[in-house]
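# Summary of structural features
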Amino acid sequence: MSLKCGIVGLPNVGKSTLFNCLSNAKAQSGNFPFCTIEPNVGVITVPDERLNKLVEMCNPRSVVPATVEIVDIAGLVKGASKGEGLGNKFLANIRETDAILHVLRCFDDDNITHVDGTVDPVRDKEIIDYELQIKDLETIEGRMARTQKQAQTGGDKAAKMQYEVLRQYKEALDKGLPARSVKFETVDEQKFARELFLLTSKPVLYVCNVDDASAVDGNKYVEAVREAIKDEGAELLIVAAATESDIAELDSYEDRQAFLEEIGLSESGVSRLIRAAYHLLDLQTFFTAGEDECRAWTFRRGSKAPKCAGVIHTDFEKGFIRAEVIKYDDYVTLGGEAKVKEAGKFGVEGKDYVVQDGDIMHFRFNV
């Protein structure tokens, strides 16, 4: 399962600097708007000490960590939904992502020009919220015009259901609320809602870009954002992107850790951001481990064994027989698969088994 997050924000809030911290791909960053003309895409590995431990124990021929795809999308401005700035092209780029990392400038610096002249992250947030909501309203109203006649004049139950979903979305958007604030009960409603690919239905992580001194506890700007999003169901993360960029330039792990400790952090903002993105999308990790390969696989929380088998290959899901499961803690504590079997901790599970975060899996299948 691939995860794609889009970094958005107004110009000059630190999007490309954050992207450069996250990815080996180096986006151009400069003190002027629209320095990212085409979306920059980087694939980054998900830090996981559990995988490192499995590699240490198995000494495999290959190692494959979980990955996240990050898209750095050029700065949006007021009126983007009507073609202002670089216009609808960037709204289309957001539509293709699974989650939005909304970067907000939460620092003062006279040397870095703000596109609106002053630092106000709540205002910046509302500008982008408005542009995304306007674009979603266009989508909803267009679909309603096509669906209304079928829903009102015929016996088409599907059309009636679709119209009701569209109506509820329009009501929320007219009030200035994001589409993700609307919840649907039936499977058919949820499926249709997903197929609309609304921009404001995507989960959002607000990334407050602060100065070095505010990296641990935040500042007045962060508190203002926290208050503004308290009813949104969104998450917030504090990152000092410029400092993270300096840390990323250091060659050794020891030097990076020393730098982090010096500013009062135990781990990098990059690691915290990726974990926050996982949590945002309700994702977890299972492992396959052995002499040939140690690999981390991403799945949605609550998935059953056949579905997780399908993450590896569709044939595994189609021909699923059983799952052999070792708990990560048992594997590490007892010293590997053979010792786990000796201790009677080796699990054999059927199609109803709900895979847990950290499970070490082996699937039996027949196609």
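What you see is a predicted model, and the numbers here were worked out from it, not measured in a lab.

Each aromatic ring pair is described using two quantities: the centre-to-centre distance and the angle formed by the ring planes. Enumeration according to the criterion identifies six aromatic pairs in this entry. With a centroid separation of 6.3 Å and 15° between ring planes, the pair formed by phenylalanine 286 and tryptophan 297 is classed as stacked. Note that phenylalanine 286 is positioned in strand S8 (residues 283–288) and tryptophan 297 in strand S9 (residues 293–300), a separation of eleven residues in sequence. For phenylalanine 286, a relative accessible area of 0% corresponds to the buried category. Aromatic side chains phenylalanine 286 and phenylalanine 299 sit 5.8 Å apart centroid to centroid with 50° between the ring planes, which places their arrangement in the tilted category. In this pair, phenylalanine 286 sits in strand S8 while phenylalanine 299 sits in strand S9, placing the two residues 13 residues apart along the sequence.

Given 3.6 residues per helical turn, the α-helix brings residues three or four places apart onto the same face. In this model, helix H4 (residues 121–153) (33 residues) spans 48 Å end to end at C-alpha, consistent with the 48 Å of a helix rising 1.5 Å per residue. At threonine 147, H4 shows its largest bend, some 40°.

A few words now on the environment of serine 245. Secondary-structure assignment places serine 245 in helix H8 (residues 241–249). The spatial distance from the C-alpha of serine 245 to the C-alpha of valine 270 is 9.9 Å, given a sequence separation of 25 residues. Residues contacting serine 245, with those up to four places away along its chain left out, are Thr17 and Cys21.

This part covers helix H1 (residues 15–22). Counting buried positions along H1 yields seven of eight residues, so the element is predominantly enclosed. Every buried residue of H1 is listed here: Lys15, Ser16, Leu18, Phe19, Asn20, Cys21 and Leu22.

Let us now look at the nonpolar core. Core analysis: the largest hydrophobic core is formed by 72 residues, its most contacted members being Leu18, Val68 and Ile70. In terms of residues, this core owes the most to one element, helix H10 (residues 269–280), which gives seven residues. Not counting residues up to four positions away in its chain, the partners in contact with isoleucine 70 are Cys5, Ile7, Phe19, Leu22, Asn40, Val41, Gly42, Ile44 and Leu101. Core analysis: the second largest hydrophobic core is formed by 19 residues, Ile140, Ala151, Ala179 and Leu196 among them.

This next bit is on the side chain of arginine 272. Assignment of secondary structure puts arginine 272 in helix H10. With no salt bridge to any partner, buried arginine 272 finds its closest opposite charge in glutamate 244, at an N-O distance of 4.4 Å. Discounting chain neighbours no more than four positions away, the residues touching arginine 272 are Leu237, Ile238, Glu244, Leu265 and Glu267.

Two elements in contact, H4 and helix H5 (residues 157–174), have axes whose closest approach is 9 Å; the angle formed by their N-to-C orientations is 150°. With respect to their mutual orientation, H4 and H5 come out roughly antiparallel. Considering only the axes of H4 and H5, their crossing is left-handed. Packed against H4, whose contacting residues are Gln133, Asp136, Leu137, Ile140, Glu141, Arg143, Met144, Thr147, Gln148, Gln150 and Ala151, the element H5 presents Ala159, Lys160, Gln162, Tyr163, Leu166, Arg167, Tyr169, Lys170, Leu173 and Asp174 at the interface. Class assignment of the residues belonging to the contact of H4 with H5 gives a composition of nine nonpolar, five polar and seven charged.

The subject of this paragraph is the side chain of glutamate 189. Tracing the sequence through the fold places glutamate 189 in helix H6 (residues 187–195). Despite its burial, glutamate 189 remains without a salt bridge, the nearest opposite charge being carried by arginine 167 at 9.0 Å. The contact partners of glutamate 189, leaving out residues within four places of it in the chain, are Met161, Val165 and Phe184.

Turning next to the state of the cysteines. Considering all chains together, one arrives at zero disulfides under this definition. For cysteine 58, which is in no disulfide, the shortest distance to another cysteine sulfur is to cysteine 294 and amounts to 3.9 Å. The exposure class assigned to cysteine 58 is buried, which follows from its relative accessible area of 12%.

Reading guide: rules and limits
Residues numbered from 1 in each chain as written. Predicted model: local features only at pLDDT ≥ 70, side-chain atom pairs only at ≥ 80, totals over all residues. Heavy atoms only, no water. Phe/Tyr/Trp six-rings, centres within 6.5 Å; stacked < 30°, edge-to-face > 60°. Helix = DSSP H or I, 4+ residues; strand = E, 2+ residues; numbered from the N terminus. Buried < 20%, exposed > 50% of the residue type's maximum accessible area, 1.4 Å probe, protein only. Expected span 1.5 Å × (residues − 1). Bend = angle between axes of the 7 residues up to and from the residue. Contact = heavy atoms within 4.5 Å. Core = buried A, V, L, I, M, F, W, Y, C linked by side-chain atoms within 4.5 Å. Lys, Arg positive; Asp, Glu negative; His and termini not counted. Salt bridge = Lys/Arg side-chain N within 4 Å of Asp/Glu carboxyl O. Axes fitted to C-alpha atoms, helices over the stretch in contact; angles between N-to-C directions. Parallel < 35°, antiparallel > 145°, perpendicular 65-115°, else oblique. Left-handed = near helix turned anticlockwise from the far one by under 90°. Nonpolar A, V, L, I, M, F, W, Y, C, P; charged D, E, K, R; others polar. Disulfide = S-S within 2.5 Å.

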